[in-house]
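Okay, here's what each chain looks like letter by letter:
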Amino acid sequence: MDARVETSKIDLSDNATFAHGFPHDHFTWAREHAPIYWHEPTAVTADGEGFWVMSRHDDAMAVMLDPVTFSSDKGGGRTGGGTGLKDEYQAGNFLNWSDDPRHQRLRSLVNKGFTNRAIHALEAELRRRTVALIEALPEKEPFDFVERFSRDLPLQAICLLLGVPQEDRAMLASWVDAGIAAPTPEIISREYAQHLSEYGARLIAKKRANLTDDILSTIIAARLEPGEDGSAGGPLTDRELLNFFMLLFAAGAETTRSAIGGGLKALMENPEQLERLRGADIGQMRVAVDEILRWTTPSIFKRRTATRDVDYKGHPIKEGDKVTYWEMSANRDAAVFDEPFRFDITRSPNRHVTFGFGAHVCLGASLARMEIRLSFAELLARIETFTAEGPIEWMPSNRLLGIRRMPLSIRRRSERRAATA
Ligand code: HEM
């Protein structure tokens with residue numbers, strides 16, 4: 001089999017390739033025959049430029065753990081960069097699109113709002129909200145699980161965390177959703193990013209005038225230490241604050257929903273595991289949550305930019321080249337996971353890379369894990385059967401593997417028990 005011919009058959013830069021879910025067959029083939037290859041640009045590739053594709057777990061780890069060679073900012077004299085395929089001119093100004101030491105300074109600042117204590121303080125309130133959403137699900141007619149539950153819970157959580165009024169959440173989410181679904185190489189189309197940005201600017205101005213105890217207020221009040229590289233300390237600028245708002249809102253709203261929707265789909269396809277999870281204690285539930293995260297991998301790939309010429313396992317990566325690694329593929333790598341295509345809620349250890357690794361490891365990981373745990377503990381304590389009422393619709397995006405619609409009907413349990421996890 002000619003690897004060049006095989007790899008050219010699938011366009012990973014085209015959103016349409018992901019319209020029916022992740023192209024696992026291609027990646028299973030690639031992991032074995034062409035674990036690192038050069039993807040030529042096609043008519044729809046962002047910036048008209050090719051990129052490296054890495055599909056194995058060990059290569060994804062190697063790139064993530066070497067941020068000096070593989071930059072999240074620009075690299076190679078570029079004027080744009082970032083972690084999506086398209087060069088972003090704002091690279092360097094967002095936490096996830098910057099490199100150390102600046103990245104570390106910014107991160108230490110937001111960390112103040114993301115302590116375990118801060119997240120755990122939300123648990124009781126989030127559980128109450130989870131139960132309220134479940135109690136409001138209709139029993140007599142089919143409904144869209146995404147709209148009624150998996151999209152809303154993470155939104156409520158991020159609004160609580162950021163101090164966004166709950167009544168604005170549907171409007172904000174509709175901008176993010178429409179922005180992702182728009183046929184554009186940006187993660188969120190410019191038009192909708194603009195709406196989000198104007199809203200964020202107003203919110204920040206309001207909070208500045210009246211600081212409270214949410215994360216946004218914490219970040220507004222925080223002061224950066226002066227950098228060892230001579231950069232000035234002090235408060236974040238309005239632009240930097242706005243970038244935090246945009247990043248946290250989009251990251252918090254878009255990803256966890258796919259894990260909850262995709263997790264329920266996997267459990268419905270594996271009813272014996274669904275039954276096992278019903279009685280799980282908190283430890284077992286935590287193990288299951290990680291398998292749901294491995295299985296669904298909502299954020300499917302990342303890009304870095306090579307900052308120097310490097311011979312990587314015989315591949316001549318040039319300074320300025322775009323290098324992508326595919327977390328979803330790494331999470332199905334048989335070199336790391338026994339029977340990777342088996343969904344197994346008892347899988348342990350589970351070295352998934354769903355939250356990334358190293359300097360940029362997901363800041364919201366404990367919040368996301370908590371949302372998923374509460375969702376399944378409470379859903380399974382209250383609902384006896386889940387029945388699919390039509391095909392799932394995927395978000396046509398090569399960046400976030402989202403379920404856009406999931407028609408379901410349910411039958412409640414006759415006797416509701418308290419959730420055990
Ligand atoms: C299942 C849900 C989630 C998944 C799969 C996910 C995935 C990821 C991944 C893979 C990264 C690393 C990016 C990189 O290396 O370039 C990341 C970073 C990040 N995530 Fe998440 N995330 C989730 C939920 C959340 C939530 C709920 C929040 C916020 C409330 C959040 C906030 C962030 C932030 C701020 C970063 C940037 C960290 C940095 O660059 O230092 N994430 N996430």
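Predicted model, so just to flag it, every value in this text is computed and none were measured.

**Q** For this particular structure, what's the right way to read helix α8 (residues 152–162)?
**A** Side chains three or four residues apart in an α-helix point the same way, a direct result of the helix having 3.6 residues per turn. Within α8, ten of the eleven residues are buried, which leaves the element mostly enclosed by the surrounding structure. Next to the buried residues of α8 lie α6 (123–135), α7 (145–150), α9 (169–181), α11 (215–221), α12 (238–269) and α16 (365–382).

**Q** Please clarify how helix α14 (residues 282–296) should be interpreted in this entry.
**A** Between its first and last C-alpha, α14 extends 21 Å over 15 residues, near the 21 Å set by a 1.5 Å rise per residue. Its buried side turned inward, α14 meets α12, α13 (271–278) and α16. Following α14 by one or two positions, T297 adopts a phi angle in the positive range, close to 30°.

**Q** Mind showing me how you'd approach unusual backbone geometry here?
**A** It is generally the case that most residues other than glycine have a negative phi and that most peptide bonds are trans. Here the residue pair D100 and P101 is connected by a cis peptide bond, since its omega of 5° sits within 30 degrees of zero. Residue placement: P101 occurs in the loop between β3 (70–71) and α4 (102–111). Look at D47: it is not a glycine, yet its phi comes out positive at around 60°. Its identity is not glycine, yet E339 carries a phi of approximately 40°, on the positive side.

**Q** Which parts of the structure should I look at to understand the site of the ligand?
**A** Around the ligand sit 25 residues, and of these G252, G356, H360, C362 and G364 come closest. Sorting the residues of the shell around the ligand by element identifies α12 and α16 as the ones contributing at least two each. Among the elements that line the shell around the ligand, the one with the most residues is α12, at seven residues. In terms of residue class, the shell around the ligand is built from twelve nonpolar, eleven polar and two charged.

**Q** Please explain the sheet that holds strand β8 (residues 322–326) as it appears in this structure.
**A** Two orientations exist for strands paired in a sheet by backbone hydrogen bonds: parallel and antiparallel. Spatially, five strands are ordered β1-β2-β8-β5-β3 in an open sheet, and the strand pairing comes out mixed. The open sheet is flanked by β1 (36–39) and β3, the only strands paired with a single partner. Bridge count between β3 and strand β5 (residues 301–306): two bridges; the pairing is antiparallel. What sits directly across from S71, in β5, is T305. Contacts between helix α3 (residues 57–64) and the sheet are confined to β1, β2 (51–54), β3, β5 and β8, with β8 contributing the most and set at about 130° to the helix.

**Q** For this particular structure, what's the right way to read the sheet that holds strand β12 (residues 407–412)?
**A** Strand order in the open sheet made by the three strands is β4-β12-β9, with antiparallel pairing throughout. Bordering the open sheet on either side are β4 (143–144) and β9 (383–388), each of which pairs with just one other strand. Where β4 lies against β12, two bridges are found, and the strand directions are antiparallel. Within β12, the position partnered with D144 by the bridge is P407.

**Q** Please clarify how the environment of T237 should be interpreted in this entry.
**A** Along the chain, T237 turns up in the loop between α11 and α12. Here the alpha-carbon distance between T237 and I220, two residues 17 residues apart in the chain, equals 9.0 Å.

**Q** Would you mind showing me how to read the pairing of β8 here?
**A** Put simply, side chains in a regular strand alternate between the two faces of the sheet. A large share of β8 lies buried, amounting to five of its five residues. Taking every second residue as pointing to the same face, both faces of β8 are buried, with K322, T324 and W326 on one and V323 and Y325 on the other. Here three bridges tie β2 to β8, and the two strands are oriented parallel to one another. Considered in β8, the bridge of W52 is made with V323. The pairing of β5 with β8 spans five bridges and is classified as antiparallel. Following the sheet pairing, R303 is matched in β8 by T324.

**Q** Just to check I follow, could you spell out the nonpolar core for this structure?
**A** The tendency in soluble globular proteins is for nonpolar side chains to be buried side by side. In terms of nonpolar packing, the biggest core is built from 70 residues, with I158, L162, V176, F245 and F249 touching the most fellow members. The dominant element in this core, judged by the number of residues it contributes, is α12, at 13 residues. Setting aside residues up to four positions removed in sequence, F245 forms contacts with L162, G200, L203, I204 and L216. If you look at the next biggest cluster of nonpolar residues, it comprises 25 residues, including W52, F70, W326 and M328.

What counts and what doesn't
Residues numbered from 1 in each chain as written. Predicted model: local features only at pLDDT ≥ 70, side-chain atom pairs only at ≥ 80, totals over all residues. Buried ≥ 20, exposed ≤ 12 C-beta atoms within 10 Å, placed from the backbone. Helix = DSSP H or I, 4+ residues; strand = E, 2+ residues; numbered from the N terminus. Contact = placed C-beta atoms within 7 Å. Expected span 1.5 Å × (residues − 1). Near = placed C-beta within 6 Å. Nonpolar A, V, L, I, M, F, W, Y, C, P; charged D, E, K, R; others polar. Pairing = 2+ DSSP bridges. Axes fitted to C-alpha atoms, helices over the stretch in contact; angles between N-to-C directions. Core = buried A, V, L, I, M, F, W, Y, C linked by C-beta atoms within 7 Å.

These results come straight from atomic positions and should not be treated as a statement about function.
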